[in-house]
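Reading the structure
Residues per chain, in single letters:
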Amino acid sequence: MTRIAFLGLGHMGLPMARNLVKAGHEVHGFDLVPAAIGAARAAGIPVSASGADAVADAQVVITMFPAGRHVIAAYRDELLAAAAPGTLFIESSTIAVDEARTAHEMAVEAGHRNVDAPVSGGVVGAENGTLAFMVGGSDDDFAAALPLLEAMGKRIVHCGGPGLGQAAKVCNNMVLAVSQIAVAEAFVLGERLGLEHQALFDVVSQASGQCWSITTNCPVPGPVPTSPANRDYQPGFAGALMAKDLGLALQAIEQTGTDARMGRLAQQLYAAFADGDGAGRDFSGIITDIRQGTV
């Protein structure tokens, strides 16, 4: 049994924390949002009075925060000083690569260990314990984190040194965004050519256009009953989160001077989608904006 402090008990964090409890670990949580605190207590997870209190006796600290600035501020202002020497920090927020490396350096300078371990799989993956983790850090720190990640996820990949988990995440989500847009455009084109949704799905899902964005996250109701399109595009993975992740990808594109025209275009389209009515809808709901010509 490992004593774990889990900070950030939102839609992703709370089910991840529950899976750690199911695996036999002792978990103490903390969140700034009263509703999240109430939900954690209702789930039987003790909630500490502050982040510092949560990490004081922990062997491992897992953070799941909205943005990199929250991670850096929490590390600097509270968590690193309150944690016992040698605590393993697992940073599972999706943040910029340079922010992940800054957080790693801060943790090491304070006498701790750190890996960046962003996730893919959304709320359903968090609830089912089937998340994918992309991990950046040393071999020893990855080995220490692995049993806990396996309690929350199904596929865990060590991507290399500090920050490279985040690098893999932004690359993956750029691919996902581009493919989701392509699938949406194909369905809109098919509609205008007179194709039934099921017929197009039956072709593409078994042909060279096959991808996750059609077989799992199909953007039209019917062909995939579990896709967000069948529940009025309730996320899932919200458009605002995709826009945020593509902003991180754009930052990396510009820092590295990469010629990534599709990635840039996807960022523009999802920024427009999130600025409209797409912020709280599943990111596959961009098909409605493509249909209407509003992105």
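One can find the structure itself at the top, above this paragraph.
This write-up is about the structure you can find in this document. (Residues numbered from 1 in each chain as written. Predicted model: local features only at pLDDT ≥ 70, side-chain atom pairs only at ≥ 80, totals over all residues. Heavy atoms only, no water.)

**Let's talk about the side chain of Asp 289**
The condition that has to hold: Counting from the N terminus, the helices are the DSSP runs of H or I reaching at least four residues and the strands are the DSSP runs of E reaching at least two. Relative accessible area decides the class of each residue, using a 1.4 Å probe on protein chains only: under 20% of the type maximum gives buried, over 50% gives exposed, and in between gives partly exposed. Counting rule for charge: Lys and Arg are taken as positive, Asp and Glu as negative, and neither His nor the chain ends is counted. Here, a salt bridge means any Lys or Arg side-chain nitrogen found within 4 Å of an Asp or Glu carboxyl oxygen. Contacts are residue-level and defined by heavy atoms, with any inter-residue pair within 4.5 Å sufficient.
Position of Asp 289 relative to the elements: it lies in helix 13 (residues 286-292). Buried within the structure, Asp 289 lacks any salt-bridge partner; Arg 281 is the closest side chain of opposite charge, at an N-O distance of 4.3 Å. Those residues in contact with Asp 289, other than ones at most four positions away along the chain, are Phe 273, Asp 277, Arg 281, Thr 294 and Val 295.

**Quick word on helix 4 (residues 68-82)**
Since the α-helix advances by 3.6 residues per turn, residues separated by three or four positions end up pointing in the same direction. Spelled out, the test is: In this scheme, a helix's expected span is set at 1.5 Å multiplied by one less than its residue total. A residue's bend is simply the angle between two axes: one fitted to the seven residues ending at it, one to the seven starting at it.
The terminal C-alpha atoms of helix 4, which comprises 15 residues, lie 20 Å apart, in line with the 21 Å expected from a rise of 1.5 Å per residue. Where helix 4 bends most, the angle comes to about 55 degrees, and this point is Tyr 75. Of the positions making up helix 4, those classed as buried are Gly 68, Val 71, Ile 72, Ala 74, Tyr 75, Leu 79 and Leu 80. Residues of helix 4 that are buried in the fold lie against strand 1 (3-7), helix 3 (51-55), strand 3 (60-63), strand 4 (88-91), helix 5 (97-109) and strand 5 (113-116).

**Description of the nonpolar core**
Keep this limit in mind: Definition of nonpolar core: a set of buried residues of the types Ala, Val, Leu, Ile, Met, Phe, Trp, Tyr and Cys, connected through side-chain atoms within 4.5 Å.
Residues Phe 6, Met 16, Leu 20, Ile 90, Phe 133 and Leu 149 are the most contacted members of the largest nonpolar core, which totals 32 residues. Among the elements that line this core, the one with the most residues is helix 7 (residues 139-152), at six residues. Residues contacting Phe 6, with those up to four places away along its chain left out, are Gly 13, Met 16, Ala 17, Leu 20, Val 27, His 28, Gly 29, Phe 30, Ile 62, Met 64 and Met 152. Of all hydrophobic cores here, the second largest spans 29 residues; its members include Val 183, Phe 187, Leu 200 and Ala 243.

**Digging into the pairing of strand 1**
Just so we agree on the cut-off: Here the rule is simple: two strands pair whenever DSSP picks up at least two bridges between them. When the strands point away from the viewer, a crossover counts as right-handed if the path from the first strand over the helix to the second runs clockwise.
Counting buried residues along strand 1, four of its five residues qualify, which places the element largely inside the surrounding structure. Taken together, the five bridges between strand 1 and strand 2 (residues 26-30) define a ladder with parallel strand orientation. Each bridged residue has a counterpart across the sheet, and for Phe 6 the counterpart in strand 2 is Gly 29. Handedness of the crossover is the feature at issue here: the chain leaves strand 1, passes through helix 1 (residues 13-22), returns alongside strand 2, and the resulting connection is right-handed. Across four bridges, the pairing between strand 1 and strand 3 is parallel. The residue bridging Phe 6 from the neighbouring strand is Ile 62, located in strand 3.

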